[in-house]
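Descriptive analysis of the structure
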Amino acid sequence: MNKMNTKVQDIRIESNQDVPEFVFLQNENARQIKSDEEAIQVANTLVERFKKNASYRDQNRLLPLEEIVEYSQSGLWGINIPKQYGGAQVKHRTLSQVIRTLASADPALTQISENHLSFLEQVRLDATEEQKKLIYQAVLNGQRLGNALSERGGRTVTDLTTRIIKNEKNYIVSGKKFYATGAILAHWVYVVGLDENGEELTALIPHYADGLSIINDWSGFGQRSTASGTVILDQIPVDAEYVIKTGAGGSSINLVGTISQLIHSSIDAGIAHAAIEDTIEFVQKYTRPWIDADQERAVDDQFTQAAIAELKIKLHAAEALLDRAGDFIDRALESLTEEKANAATLAVAEAKVLSAEIAILASNKLFELSGTRSALSELNLDRHWRNARIHTLHDPVRWKYKLIGEYYLTGKHLPRHPWS
């Protein structure tokens, strides 16, 4: 690690006041990705650079400052913008593949981009034409969107106390959010709240706005570098052009939550991929054969061989289901109906089950197959399990089984929201 990287990597961020200016300044616009093939190629070029310091960031709970800038400047944060607005409008299987690739290097980075990418579909669905042009162009230029959605203290995750109230001049946003992944590194924070009639609105607030306080107090034992902390909104004025009536989309046939779930599931598959590759490398280089195996090398242990085969097969199955789910989303969006929307949501739910389970299984098996040496703290291989365990809490697989089985038995459609 060179001196420049060490200095930047070691910056401690406690609030948005501590984020270095270079994270938001742009000397030039982001790359303009034009095709699915280009998106995958760009992702492949970023993997090793993002992987290089990922373990160090995790160990020290440091935010990916340089990496987030390179990630958004790569053009990958705009690949699902519709072609008519200048985006590549890649296939959703491509979007999944890009996320899986980068999550294998650093799943925190891809979780930061998840809310940004899924919100672009909300914009397509609910924003006015002027708002679409404004937001999509900002993203294509390289600007990042961070979320302020969830709150603590309500009966369920959908209970909101944040208010976005219209007055004579504009709207006033007030409230407190948590799990605001990536907000502290975003050019714009999009805040979901209720108006005076209880209708849902989303306000886009610039990172420098007076009254916006973002606290880096996420203390989860995994996904440590996602900056999923607290956002405080203190009577922030927002012009009407930056307020979207997202409540209308919530009651329509849409795939906003389904696309969000596809990205989350792809992150899990990326974590699994990294854990399996680290297991194979460790067994090849360091693991000793078990005394009863009567083998010269650990790689010749038949039980280890069978376990690696199981992990690879289940990962490949999860990846295949993710590709399939992406195709279902594309077909549904061509002419969206309730039946097509449910088919896409069902396909994503099935992919979610396997991707979550292989992420936890692979990151757990790493230690069983690699042996005691793999548990040394300095190796930080436990980050794979910690990341898998934390990230798969987003939406429990036990409910996926229930909803999928219920559909096949009774025909009841799956719910569609960011957690299902």
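A brief report on the enclosed structure follows. Only a predicted model underlies this, so the values are computations on that prediction, with no experimental measurement involved. (Residues numbered from 1 in each chain as written. Predicted model: local features only at pLDDT ≥ 70, side-chain atom pairs only at ≥ 80, totals over all residues. Heavy atoms only, no water.)

Overview of the overall build of the protein
Check the secondary structure of the protein and you find 13 helices and eight strands. If one aligns the C-alpha atoms of the protein with their principal axes, the spans along those axes are about 80 × 60 × 45 Å. Split into buried and exposed, the 420 residues of the protein put 55% on the buried side. In the protein, once contacts between residues fewer than 6 apart in sequence are set aside, the share between residues at least 24 apart is 77%. Here the protein has roughly 19,000 Å² of accessible surface; of this, 51% comes from carbon and sulfur atoms. The distance from the centre of the 46 positive side-chain charges to the centre of the 55 negative ones in the protein is 1 Å. (Helix = DSSP H or I, 4+ residues; strand = E, 2+ residues; numbered from the N terminus. Buried < 20%, exposed > 50% of the residue type's maximum accessible area, 1.4 Å probe, protein only. Contact = heavy atoms within 4.5 Å. Areas by Shrake-Rupley, 256 points an atom, 1.4 Å probe, with all protein chains shown as cover. Lys, Arg positive; Asp, Glu negative; His and termini not counted. Charge placed at Lys NZ, Arg CZ, Asp CG, Glu CD.)

Remarks on helix H9 (residues 256–285)
Its 30 residues place the ends of H9 44 Å apart at the C-alpha level, agreeing with the 44 Å of an ideal helix rising 1.5 Å per residue. Across the 30 residues of H9, 25 count as buried, placing the element largely inside the fold. (Expected span 1.5 Å × (residues − 1).)

Remarks on empty space enclosed by the protein
Applying the stated rule across the entire model yields one cavity of 30 Å³ or more. Within this model, the largest cavity holds a volume of roughly 80 Å³. Lining the largest cavity are 13 residues, with Arg-31, Ile-33, Gly-75, Gly-78 and Leu-140 positioned closest to its centre. Grouping the amino acids of the lining of the largest cavity by side-chain chemistry returns six nonpolar, six polar and one charged. (1 Å grid on protein atoms, 1.4 Å probe; cavity = no way out; pocket = protein on both sides within 12 Å on 5 of 7 lines; lining within 4 Å. Points joined across faces, edges and corners; volume = space filled by probe spheres on them. Nonpolar A, V, L, I, M, F, W, Y, C, P; charged D, E, K, R; others polar.)

Nothing here speaks to function; it is all geometry.
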